[in-house]
Amino acid sequence: MSVSPTDSVLTSLASTMLKNYYAALIRACALLGILMCVALLGVPGISHAQAQPDWLSDETLKRLFPEAIYTDPPAGEPPLIDVHGAGSHIGYVFSTEELTDVVGFSGAPFNFAVGLDLHGEIVGVVLVEHAEPIIDYSSMGEQLTRFIDQYAGLDVSGSISISGQGTKGDIDGISSATVSARAFHHAIVQSTRIVARSHGLMGGAESTAMADIWKFEPLPWSELVAAGAIEQIQLADAGNAGEDRESNTLDLYAAVVNPASIGRNLLGNMRYGENVATHSPQDLIVLIMGKGSYSFVGTKVFDTGTFDRIRIEQGERTFALQRKLHHYKYLPFVSAEGAPKFDEVGLFRIPVESGVDVLAPWKLVLTVDGNDASAQAREVELSYSLPSRFILPPAEPSAVESLEAPWRESWRAQANNIVLLSVGLLVLTVLLVGMHRLTRHARVYHALRIGFLLFTLLWIGWIAGGQLSIINVFAWLQGFISGNGLVVLLADPLLLVLLAFVVVSFVVWGRGVYCGWLCPFGALQELLARLARLASVPQWSLSHRAHRMLWPLKYVSLAVVAVASLWGLQAMAVASEIEPFKTVITLRMERAWPFVVYALVLIVAGLFVERAFCRFLCPLGAVMAIGGKLRLRWFKPLKRRPECGSPCQLCARRCPIQAIEPSGAINMDECFYCLDCQIIHNDATVCPPLVNEARRNRKLAIAASTPAAAAE
């Protein structure tokens, strides 16, 4: 049968349409399947068993565990999230805020997401949020990122400390934000160790128990002995003395100081933090104490470096103690209440890498030398086993230890700076107490003042970072309101020492001591103003009326910052940028150009009007003036004369900050204690009342001598 051309075309067209239909149907089914996979598996994201906490986003999880496929819901105590890869469990992720109560410099909490693998290593740390003003508004993002990245790859059972030495486990902090860095470090390390211990990751699968480095209870010497934390042997006639020789004796004590309840009681908090807390909890750290005429240290160690009279044995291993290898440290005393007075105290640390087991029994072997060459040496043993009271058993997931605040680490790290600052404050106190004698010698006084201002600027400000700010004031206030006031105060030891001194100075001298002597930015302004006068830069002296109108502006600045603080620390930090302290002192001009330009404008203004910012704009100065109201009114260290103000106006004209009223009274709310008026007051060749008195005395002397001469 023949087929017409038309039928052939129609058949071909129908066949093509049918093929296209099937192809479209197949593509639609494939697309539907892909969409179903996306809906069910979360591709290309990560599958979650249920809604995850706000702090954990897919991006955060991928940064910590790039191979993550899905996670379990948060569970357990401590609360954490199990992370799974391709068919296997690969680690944990958790929040520092949920495991610690550490607060930052601002007094507000912060949060990091931390990843921990199944070998006890930190895989990474991601910042979730923080409220540290200086980091947010001081272009320190790169430093913060570098700081956080250092934790990746660290074994949580090893030593992790902020030292900046560049070795593994030594974290380089954030310059100009050391308090914040230490708080971050404490939260990251302590929360990670809590999780690692609760899952048997502290030191490997073969060791799930460990020395209790978290729990602390104050115990006197007698209770430590009764608990078995301290072991003792007594040796009479230790050196085999003959009848004609004096008998040698030794009471030898030993203790493992890894557990906080032993170490902190015996060493004190500071020495425990320096010599124990920063090392691996699996190192064996032993305190050896001797009382008697026989020395366990001996003398050969100073030549050979090895202690020839003592060694530690554990099982088949023998550890010959060496000064450098075992980090020997001489201690002057034992801190425990009721402890005897010892002749020798030494601290030894045997790293876990040497094969020592801090939980296993060990022996301290003492070699007792004879008193002469013919006498044989003998050995005595002190056996020690760490009591179970000071050992954490295999951890249950519900075991969460309370954390010790990180302020102790700050005080420990700043010990030398605290001493130097205290010496500086003592020198300043002596200068102020002896101001009347000192100001009689103008050149000596000016040399001392310039020297102290240089110390304030260079060391307190640029080296030690001790520039007080209005941020500190509001952070402390908000800390007390939130119940964290003591923690916030203790977080920065230098600022706390300064604060304590300033509060005392309020009562004795008023507001001027800090502003005039201890403020680094104020010191910079005064030193530059002195140079400006030497260079004959014209000085603009405002009228008293103009001063009366400009003085209140600093209180307006304070009010603006106070109102901004009601919107939170971040808003307050923005308002506090009226202070140039962070730009000039803390960050040394390493900021965005608008901040630098603003700071330079204020500095240049101070060349023409001395301390213009301090006098008219500084909100911290307003706080100091308010604090100065605590001054004892009956105590007037700055001397005046009846002629001051009427008729004499010399001090008022020469006061560099115009803090003397036309009446001659010193406005203590504005006085910076430069003591220029006291120099004039004590100078008989400058002070008009003294000059007039000297002139009258000369006239009287001449008058008295004239009749006598005539009589002759």
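Attention in this report is confined to the structure presented alongside it.

**A look at the pairing of strand E17 (residues 362–368)**
With six of seven residues buried, E17 is to be regarded as a mostly interior element. With four bridges connecting them, strand E13 (residues 306–314) and E17 associate as antiparallel partners. When the bridges of E17 are listed, Ile 310 appears paired with Leu 366. Bridge analysis of E17 against strand E18 (residues 378–384) gives seven bridges, and the strand direction is antiparallel. Its bridge partner being in E18, Trp 362 is matched across the sheet by Tyr 384.

**As for the sheet that holds strand E10 (residues 231–235)**
The five strands are arranged E10-E11-E12-E16-E15 in an open sheet whose pairing can be described as antiparallel. The two strands at the open ends of the sheet, each matched to only one other strand, are E10 and strand E15 (329–330). Across five bridges, the pairing between E10 and strand E11 (residues 250–256) is antiparallel. Within E11, the position partnered with Gln 232 by the bridge is Tyr 253. Strands in contact with helix H8 (residues 260–267) are E11, strand E12 (284–291) and strand E16 (344–350); relative to E11, the strand with the most contacts, it is inclined by about 135°.

**Quick notes on unusual backbone geometry**
Put simply, Ser 646 and Pro 647 share a cis peptide bond, and its omega is 10°. Its place among the elements puts Pro 647 in the loop between helix H26 (619–627) and helix H27 (650–654). A positive phi angle is found at Arg 611, which is not glycine, with a value near 55°. Its place among the elements puts Arg 611 in the loop between helix H24 (593–608) and helix H25 (612–616). At Gln 658, a residue that is not glycine, the phi angle is positive and equals roughly 55°. Note on Gln 658: relative accessible area 14%, which makes it buried.

**Some thoughts on the packing of aromatic side chains**
Tallied over the entire structure, the rule returns 18 aromatic pairs. Consider the rings of Phe 307 and Phe 348, whose centres lie 5.0 Å apart with planes at 75°: the pair is edge-to-face. Residue Phe 307 is found in strand E13, and its partner Phe 348 is found in strand E16; the two are separated by 41 residues along the sequence. One exposure class covers both Phe 307 and Phe 348, and it is buried. For the pair Phe 581 and Phe 613, a centre-to-centre distance of 6.0 Å together with 85° between the ring planes defines the contact as edge-to-face.

**As for the sheet that holds E13**
Here four strands make up an open sheet; going across it, the order is E14-E13-E17-E18 and the pairing antiparallel. A single partner strand is all that each edge strand has here, and the edge strands are strand E14 (317–322) and E18. Strand-to-strand, the axes of this sheet are offset by a mean angle of 30°, without reference to chain direction.

**Observations concerning the packing of helix H14 (residues 442–463) against helix H19 (residues 520–534)**
Contact pair H14 / H19: the axes reach a minimum separation of 8 Å and the direction vectors enclose 135°. Here H14 is positioned oblique relative to H19, judged by the angle of their axes. Two packed elements cross with a definite hand, and for H14 against H19 that hand is left-handed. Of the residues in H19, those in contact with His 446, Arg 449, Ile 450, Leu 453, Leu 454, Thr 456, Leu 457, Ile 460 and Gly 461 of H14 are Pro 520, Ala 523, Leu 524, Glu 526, Leu 527 and Arg 530. For the contact of H14 with H19, the per-class residue count stands at nine nonpolar, three polar and three charged.

**A word on H14**
The first and last C-alpha atoms of H14 sit 30 Å apart over 22 residues, in line with the 32 Å expected at 1.5 Å per residue. Here H14 has its buried residues at Tyr 445, Arg 449, Phe 452, Leu 453, Thr 456, Leu 457, Trp 459, Ile 460 and Gly 461. Where H14 terminates, the next one or two residues include Gly 465, which has phi positive at roughly 70°.

**What about the nonpolar core?**
What tends to happen in soluble globular proteins is that the nonpolar side chains get buried as a cluster. In this structure, Tyr 514, Trp 517, Leu 518, Phe 521 and Tyr 673 are the most contacted members of the largest nonpolar core, which totals 79 residues. With eight residues, helix H17 (residues 493–508) is the largest single contributor of residues to this core. By size, the runner-up hydrophobic cluster in this structure holds 57 residues, among which are Ala 229, Ile 233, Phe 296 and Leu 347.

**Topic: the side chain of Ser 191**
If you trace the backbone, Ser 191 turns up in helix H6 (residues 178–198). Taking relative accessible area as the criterion, Ser 191 reaches 0% and is therefore assigned buried. At 2.6 Å, the side chain of Ser 191 forms a polar contact with the backbone oxygen of Ala 187. In terms of polar contacts, Ser 191 uses its side chain to reach the backbone carbonyl oxygen of Ile 188, at 3.2 Å. Discounting residues that sit within four places of it in the chain, Ser 191 has contacts with Phe 94, Thr 96, Leu 99, Thr 100 and His 186.

**What to know about the environment of Leu 458**
If you trace the backbone, Leu 458 turns up in helix H14. With 66 residues separating them along the chain, Leu 458 and Leu 524 place their C-alpha atoms 9.3 Å apart.

**Structural notes on a nonpolar patch on the surface**
The grouping of Val 507, Leu 630, Leu 632 and Trp 634 at the surface amounts to a nonpolar patch, some 410 Å² of accessible area in total. Topologically, Leu 630 is positioned in the loop between H26 and H27.

**Quick word on the environment of Val 497**
Along the chain, Val 497 falls in helix H17. The exposure class assigned to Val 497 is buried, which follows from its relative accessible area of 17%. Distance from Val 497 to Ser 422, taken between C-alpha atoms, is 7.8 Å for residues 75 residues apart in sequence.

Reading guide: rules and limits
What you see as residue numbers is a count from 1 along each chain, following the sequence as written. Only residues with pLDDT of at least 70 are given local features in this predicted model, and only at 80 or more are side-chain atom pairs given and counted; all residues enter the totals for whole chains, interfaces and linings. Hydrogens and water molecules were not included; the side-chain quantities draw on all heavy atoms of the structure. Here the term buried applies to any residue with accessible area under 20% of the maximum for its type, exposed to any over 50%, and partly exposed to those in between, with areas from a 1.4 Å probe on protein chains only. Helix numbers and strand numbers start at the N terminus; a helix is a DSSP run of H or I with at least 4 residues, a strand a run of E with at least 2. Pairing between two strands is assigned when DSSP locates at least 2 bridges connecting them. Contacts are assigned to residue pairs that have any heavy atoms within 4.5 Å of one another. Interaxial angle, 0 to 180 degrees, is taken between N-to-C directions of lines fitted to C-alpha atoms, where a helix line uses only the stretch in contact. Working definition: rings of Phe, Tyr and Trp (its six-membered ring) pair if their centres are within 6.5 Å, and the pair is stacked with planes under 30 degrees apart, edge-to-face with planes over 60 apart, and tilted otherwise. Orientation categories follow fixed angle ranges, with anything under 35 degrees roughly parallel, anything over 145 roughly antiparallel, 65 to 115 roughly perpendicular, and all other angles oblique. Crossings are assigned a handedness: left-handed for a near helix turned anticlockwise from the far helix by less than a right angle, right-handed for a clockwise turn. Here the term charged refers only to Asp, Glu, Lys and Arg, the term nonpolar to Ala, Val, Leu, Ile, Met, Phe, Trp, Tyr, Cys and Pro, and the term polar to all other amino acids, Gly among them. For a helix, the expected span equals 1.5 Å multiplied by the residue count minus one. Buried Ala, Val, Leu, Ile, Met, Phe, Trp, Tyr and Cys residues form a nonpolar core when they are joined through side-chain atoms within 4.5 Å. Definition of a polar contact: a pair of N or O atoms within 3.5 Å, with one able to donate and the other able to accept a hydrogen when the atoms are protein atoms, and with sequence-neighbouring residues admitted only if both atoms are side-chain atoms. Here the term patch refers to residues with relative accessible area over 30% and no salt bridge, with like charges joined within 9 Å and nonpolar side chains (Val, Leu, Ile, Met, Phe, Trp, Tyr) within 5 Å. In these tables, accessible area is a Shrake-Rupley quantity obtained with a 1.4 Å probe, and a residue counts as shielded only by the protein chains included in the view. Think of a salt bridge as a Lys or Arg side-chain nitrogen and an Asp or Glu carboxyl oxygen that are within 4 Å of each other.

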